[in-house]
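Secondary and tertiary structure notes
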There are 2 protein chains.
Amino acid sequence: MSDRLKHTDTPALLTELPEWKRFALTAQTCAPRPDALDLIEAPGLALDSSGQRHSPELMAAGEALLRARDFEAQRARLLAGEVVNLTEDRAAWHTLLRAPESTPEVQAERERMDAWVRRADAGRRWRHVVHIGIGGSDWGVRLAVTAFGYAGTWRDVRFVANIDGHAIEGGLAGLDPRETLVVLVSKSFTTAETLENGARAREWLAGAGLDPANHLVAVTARPDRARAWGVPENQIFQLWDWVGGRFSLWSAVSLSTALAVGVDVLEGLRAGAAAMDAHFVQAPLAENAPVRMALAGVANRSVLGHGSLNIAPYDSRLANLVPYIQQLDMESLGKSVDVAGRPVGVPTGPAVWGMPGTDAQHTFFQWMHQGSDGAPVDFILCREADHHWPAHHRQLLANCLAQREALMRGKTLAQARAECLAEGLDAARADWLAPHRVHPGGRPNHLIALPRLSPYSLGALLALYEHRVFTQGVIWGIDPFDQWGVEYGKVLARGIIAELGPDASAAEGSPAAGADSRDRSGPDGHAPAVRHDASTRHWIERLRSSTP
Amino acid sequence: MSDRLKHTDTPALLTELPEWKRFALTAQTCAPRPDALDLIEAPGLALDSSGQRHSPELMAAGEALLRARDFEAQRARLLAGEVVNLTEDRAAWHTLLRAPESTPEVQAERERMDAWVRRADAGRRWRHVVHIGIGGSDWGVRLAVTAFGYAGTWRDVRFVANIDGHAIEGGLAGLDPRETLVVLVSKSFTTAETLENGARAREWLAGAGLDPANHLVAVTARPDRARAWGVPENQIFQLWDWVGGRFSLWSAVSLSTALAVGVDVLEGLRAGAAAMDAHFVQAPLAENAPVRMALAGVANRSVLGHGSLNIAPYDSRLANLVPYIQQLDMESLGKSVDVAGRPVGVPTGPAVWGMPGTDAQHTFFQWMHQGSDGAPVDFILCREADHHWPAHHRQLLANCLAQREALMRGKTLAQARAECLAEGLDAARADWLAPHRVHPGGRPNHLIALPRLSPYSLGALLALYEHRVFTQGVIWGIDPFDQWGVEYGKVLARGIIAELGPDASAAEGSPAAGADSRDRSGPDGHAPAVRHDASTRHWIERLRSSTP
């Protein structure tokens, strides 16, 4: 094991720090003060924290806490590409992928991909693109394609992620194989979902009398495996071990984005993210947007006890921002031990969920207003729209501001009763009904305003969330870059697949499967035989008969 | 006010009931016992509750609690169409819409719609359908169309819900107006989003030189308003005041479903739901699927403190089940006062969120396994697939069972250490790494298994959730059918719309807008002038300049 891990990276336990106790106490006693405007103008966006607990005292306590966590040194290590993913002993250097001055290797791969896309564009090749990837190999591309191709693109891009056969069936249905490019994205090139779905696509191409090799592109950190799988060398694009899956849209993983909405979009995304990286490094902590969001996030979760965080983009083009941030936040902060393996001692990452407004208002905002807890909300809006109906945009923005105001302000019993009377109810009915119309208010929120939904602003927004998550990891003292919880279920699944039927799956039988040592629990790549509980046994028995 | 409300419907406060105290104590001390199979075979599905707290003592305590809440009488009132929505003084009689013996009025409207769709089918009319509705006028249709039309349908159905102009822009982009039917769904026919989007569609039709009246259909409880808006009489289908929005897919709201995947699908959905209704009435409480889910839901939320509920359909066709249940559950149970207006005294409805597996495994299952809290999960699977790749289905089912087992079973420090050593790590590294690979386990779950994704099974599944939600409402003593929290933001929005720009919006200016008295806060339909907080004032000022 590396000495680094053992000796220099054991932080103090959070809850033993006097700085933590002061921060917690100060947050507890500080009210939300929407009447004191608390605004940061950052690259590509403005962050309004007026709806969170905020005060000079709380900020001072937060700065002291960050100093006690050695935050500035940790941030420097992240951005210098040092080992920050301690349990996997590697860097998390996605910022390099968007840095204005990157390495020749990164630059060359980017240029190679751009050139490939431009050639395809020039030749009007590939009317259909089937993007096959899952999790980090999927959400970032979906997000960008929906954001900038919301009204359709000349290339029809389909996304296939799930191992469920209906996904690949639906993904290929109705396409002309001659005009179809299949893009396979898997960092390890062992992901079961992606290889199985890829195999179906390959069969479909071959079944149409085509040579699949001419229709396949791969993006992977293991070009050797992609070649062995049948992708020609010059159609393989590279990412690197130091790029985590949930940070990989800055790499060639975004090839399908470039095919759908143009390589310039990628350039814009990178420029916005790089500008946010610079802000994260340079802005004083009190005016540092990711840092301020992180402090609010820790206060909401670990001090005030909010178990979830709602993401409310008031822009229908940002529907896929929700799963994107879900993965970024929950895979990173869904840990309960610190880097030294000790329980953190306070609740860490919240459940992240959401939906674009105004849809969300008609789906679950009832609960936000009057439920037992409600949840902190990140409202996101674009000041300018890209359509030509100002009345729509005005209503959209007004709804965003109104929901936010209602959640902060609430409505008292006296107000509710007065309202009932004003509607013409008699006094007895007003007395009876008013308690049902009380809103407690005081729900915390951020408001993030983009000038408009440009690639630059979206890039800045994504980097804002990345660094917010990283900073929360530093405060809690956890490794935000590993995902051991994802691995365990995979191992158990392998055993149950075998128990459900006689024939091993195609991916399992392939040379690539199980080749990643972190995926293995024994030399044969299968889980050791486990004695299942009665319920699991029941379902294995019953489902075996229905999967011939 | 109705006497009913005042005198006969004030239940005891939950927390003062000895039956509640016994239930809470028993649930607290009862461990999950996946080794004791707890299975109910209900119409259209099987429910496995082995992964929840369960024991004969807990069941007895639950039955006593339900008796103390007068559950059987309340259930009878629901199904007889009596007033169960007390704060709005009306019935919630959606079960009538699927009853084998319905009323002549319901039956006639159903037949009229079926006939209309069959005529359109016979004439191969409407290659494109633009379904315009939001919330309850949207999710049920999206759910059914995605479930049964996942591989495409000959009619291309687009959904437009959000007031965001990009939604209607994208919804109409690329369509041939001559071949396009626009379906407007709004119970009140005053919903701002739906009328604004409808107005854009109407302009688009007229701009193509067509008579919009020939291309418009409306589904509403207010045919008079639809007629005034320009929809011809024979293209208006009816729902009724006693059908709540979130229960409205059983009505003509599902017209677009019928156009996309056939009227037979609607028949199947209704038959499955009706069978579940009968089960809900007839099955003994211990074998009553909705009742058992409700008791588990109350125990998880109000006793064990789980703040959220994850919905994990292991079927990519059920992606829209998540927002559907979100609305059903959170609008119904996002209340914190009981029907008598008193604080319930325990936390009520959880945050509901989720995503189809296996996507969810690559997005947030890390958090489910190793985060501070995790969440109870409803796993949903289909025993048989409708595609032809058994290996895919076997892997899908194995992943579902494996994730469930991992969440129940967990992994101890000793197991994690042994695993590290088996992978070849040295002892020091294994000691260091093992705590990061510990899984606490013991997370509660349901497993719901459909034989396959038929309309019958999906109908049963939706009714299962409806009655589960209703039963939780009875236990908590709240009105699950109102949504006062939704109304408040609307009122504030109206004021801010006016402040953001000079011209009132089209919907605001129309005769229909604001005509629903529950939408109004004053005689002019606008909110009384409010003094905004500094942050809201800042944004109104700043956004005014960007919405010319």
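Values in this document were obtained by computation on a predicted structure and should not be read as measured data. (Residues numbered from 1 in each chain as written. Chains lettered and ligands numbered in written order. Predicted model: local features only at pLDDT ≥ 70, side-chain atom pairs only at ≥ 80, totals over all residues. Heavy atoms only, no water.)

As a further point, take the overall build of chain A. The helix and strand inventory of chain A stands at 21 helices and 13 strands. Here chain A has a C-alpha radius of gyration of 25 Å; the compact-globule value for 548 residues is 24 Å, and the two agree. Across its three principal axes, chain A shows a C-alpha extent of roughly 75 × 60 × 60 Å. Per-residue burial over chain A gives 67% buried out of 548 residues. Sequence separation of at least 24 residues holds for 76% of the intrachain contacts in chain A that already meet a minimum separation of 6. For chain A, the computed accessible surface area is about 17,400 Å², with 53% contributed by carbon and sulfur atoms. If you average the places of the 55 positive and of the 64 negative side-chain charges in chain A, the two averages end up 1 Å apart. (Helix = DSSP H or I, 4+ residues; strand = E, 2+ residues; numbered from the N terminus. Rg over C-alpha atoms; globule rule 2.2 N^0.38 Å. Buried < 20%, exposed > 50% of the residue type's maximum accessible area, 1.4 Å probe, protein only. Contact = heavy atoms within 4.5 Å. Areas by Shrake-Rupley, 256 points an atom, 1.4 Å probe, with all protein chains shown as cover. Lys, Arg positive; Asp, Glu negative; His and termini not counted. Charge placed at Lys NZ, Arg CZ, Asp CG, Glu CD.)

Moving on, we come to the packing of aromatic side chains. All names here are of chain A. Going through the model one piece at a time under the given rule, you end up with 26 aromatic pairs over all chains. Relative to Trp-367, the ring of Trp-353 has its centre 5.6 Å away and its plane inclined at 80°; by these criteria the two rings are edge-to-face. Remark: Trp-367 occurs in helix 14 (residues 365–370) and Trp-353 occurs in strand 11 (residues 351–354); sequence separation between them is 14 residues. Summarising the burial analysis for this pair, Trp-353 and Trp-367 share the class buried. (Phe/Tyr/Trp six-rings, centres within 6.5 Å; stacked < 30°, edge-to-face > 60°.)

As a further point, take the pattern of salt bridges. All names here are of chain A. Counted according to the given criterion, the structure contains 64 salt bridges over all chains. A salt bridge links Asp-315 to Arg-317; the nearest nitrogen and oxygen atoms lie 2.7 Å apart. Of the residues examined, Arg-317 reaches a relative accessible area of 2% and is grouped as buried. Taking the shortest distance from any N to any O, the salt bridge between Lys-335 and Asp-482 comes out at 2.7 Å. With Lys-335 in the loop between helix 13 (321–333) and strand 11 and Asp-482 in the loop between helix 18 (455–476) and helix 19 (484–500), this residue pair connects regions lying 147 residues apart in the sequence. Judged by its relative accessible area of 2%, Asp-482 falls in the buried class. Each member of the salt-bridge network shares a partner with another, and the members are Asp-315, Arg-317, Asp-386 and Arg-452. (Salt bridge = Lys/Arg side-chain N within 4 Å of Asp/Glu carboxyl O.)

Within this numbering scheme, the UniProt entry marks Glu-331, His-362 and Lys-490 of chain A as carrying the feature "active site" (unreviewed entry). A maximum C-alpha distance of 36.9 Å shows the annotated residues, which cover 160 residues in sequence, to be distributed over more than one spot. Mapped onto the fold, Glu-331 of chain A is located in helix 13. Once you skip the residues sitting within four places of it in the chain, Glu-331 of chain A turns out to touch Arg-246, Gln-326, Asp-482, Gln-483 and Val-486 of chain A together with Gln-361, His-362, Thr-363 and Gln-366 of chain B. (UniProt positions renumbered as here; feature names shortened; annotations may be inferred.)

For the rest of this paragraph, the subject is the relation of the copies chain A and chain B. Overlay of chain A on chain B (RMSD 0.0 Å): rotation 180°, translation along the axis 0.0 Å. The two molecules are tied by a two-fold rotation axis, judged by turn and shift. (Least-squares fit on C-alpha atoms with pLDDT ≥ 70 in both.)

Next up on the list: the sheet that holds strand 2 (residues 45–48) of chain B. All names here are of chain B. Taken in spatial order, the six strands line up as 1-2-13-12-10-11 in an open sheet, and their pairing is mixed. With one partner strand each, in any of the chains shown, strand 1 (39–42) and strand 11 (351–354) form the two edges of the open sheet. Strand-to-strand twist in this sheet, taken as the mean axis angle between neighbours without regard to direction, amounts to 20°. Inspection of the sheet shows strand 10 (residues 308–313) paired to strand 11 by four bridges, in the parallel sense. By the bridge assignment, Leu-309 is partnered in strand 11 with Val-352. The strands touched by helix 15 (residues 390–409) within the sheet are strand 2, strand 12 (377–382) and strand 13 (445–450), with strand 12 carrying the most contacts at an inclination of about 160°. (Pairing = 2+ DSSP bridges. Axes fitted to C-alpha atoms, helices over the stretch in contact; angles between N-to-C directions.)

With that settled, consider the packing of helix 2 (residues 18–28) of chain B against helix 12 (residues 289–303) of chain B. Residue and element names in this part refer to chain B. In contact at an axis separation of 10 Å, helix 2 and helix 12 are set at 85° when each is read in the N-to-C sense. Considering the angle they form, helix 2 stands roughly perpendicular to helix 12. Across from Trp-20, Phe-23, Ala-24, Ala-27 and Gln-28 in helix 2, the residues of helix 12 making contact are Leu-295, Val-298, Ala-299, Ser-302 and Val-303. Tallied by class, residues from the contact of helix 2 with helix 12 come to eight nonpolar, two polar and no charged. (Parallel < 35°, antiparallel > 145°, perpendicular 65-115°, else oblique. Nonpolar A, V, L, I, M, F, W, Y, C, P; charged D, E, K, R; others polar.)

With that settled, consider the packing of helix 15 (residues 390–409) of chain A against helix 19 (residues 484–500) of chain B. Close contact between helix 15 of chain A and helix 19 of chain B brings their axes to 7 Å; oriented N to C, the two are set at 130°. In terms of orientation, helix 15 of chain A and helix 19 of chain B fall into the oblique class. The two elements helix 15 of chain A and helix 19 of chain B meet at a crossing, and its hand is right-handed. Residue-level contacts link Arg-394, Gln-395, Leu-397, Ala-398, Asn-399, Leu-401, Ala-402, Gln-403, Glu-405, Ala-406 and Arg-409 of chain A of helix 15 of chain A to Tyr-488, Gly-489, Lys-490, Leu-492, Ala-493, Ile-496, Ile-497 and Leu-500 of chain B of helix 19 of chain B. (Left-handed = near helix turned anticlockwise from the far one by under 90°.)

So, about the nonpolar core. Within the largest apolar cluster, 281 residues are counted, with the highest numbers of intra-cluster contacts made by Trp-20, Ile-448 and Leu-461 of chain A together with Trp-20, Ile-448, Leu-458 and Leu-461 of chain B. Contact partners of Trp-20 of chain B, with chain neighbours within four places excluded, come to Leu-14, Thr-15, Leu-65, Val-298, Ser-302, Val-303 and Val-346 of chain B. (Core = buried A, V, L, I, M, F, W, Y, C linked by side-chain atoms within 4.5 Å.)

Facing the 150 residues of chain A at the interface are 151 residues of chain B. Counting each side, the surface lost to burial between chain A and chain B is near 13,100 Å², with a carbon and sulfur contribution of 60%. There are four salt bridges connecting chain A and chain B. Along the contact surface separating chain A from chain B lie 76 residue pairs in polar contact (both at pLDDT 80 or more). By residue number, the principal contributor to the side of chain A that touches chain B is helix 15 of chain A, which donates 18 residues. (Buried area = accessible area lost by both parts, 1.4 Å probe. Polar contact = N/O pair within 3.5 Å; in protein donor to acceptor, adjacent residues only side chain to side chain.)

Further remarks concern the sheet that holds strand 13 (residues 445–450) of chain A. Residues and elements named next belong to chain A. The six strands lie next to each other as 1-2-13-12-10-11, forming an open sheet whose pairing is mixed. Here the strands that pair on one side only, and so sit at the sheet edges, are strand 1 (39–42) and strand 11. The mean inter-strand angle of the sheet, taken between neighbouring strand axes irrespective of direction, is 20°. By the bridge criterion, six bridges tie strand 12 (residues 377–382) to strand 13 in an arrangement that is parallel. Bridge assignment links Asp-378 to a residue of strand 13, and that residue is His-446. In this fold helix 18 packs onto strand 2 (45–48), strand 10 (308–313), strand 12 and strand 13, with an angle of close to 150° to the strand it touches most, strand 13.

Next up on the list: unusual backbone geometry. Residue and element names in this part refer to chain A. Cis geometry is found at the peptide bond from Gly-357 to Thr-358, where omega equals 15°. Mapped onto the elements, Thr-358 comes out in the loop between strand 11 and helix 14. At Trp-126, a residue that is not glycine, the phi angle is positive and equals roughly 65°. With respect to the element layout, Trp-126 can be found in the loop between helix 5 (104–122) and strand 5 (128–132).

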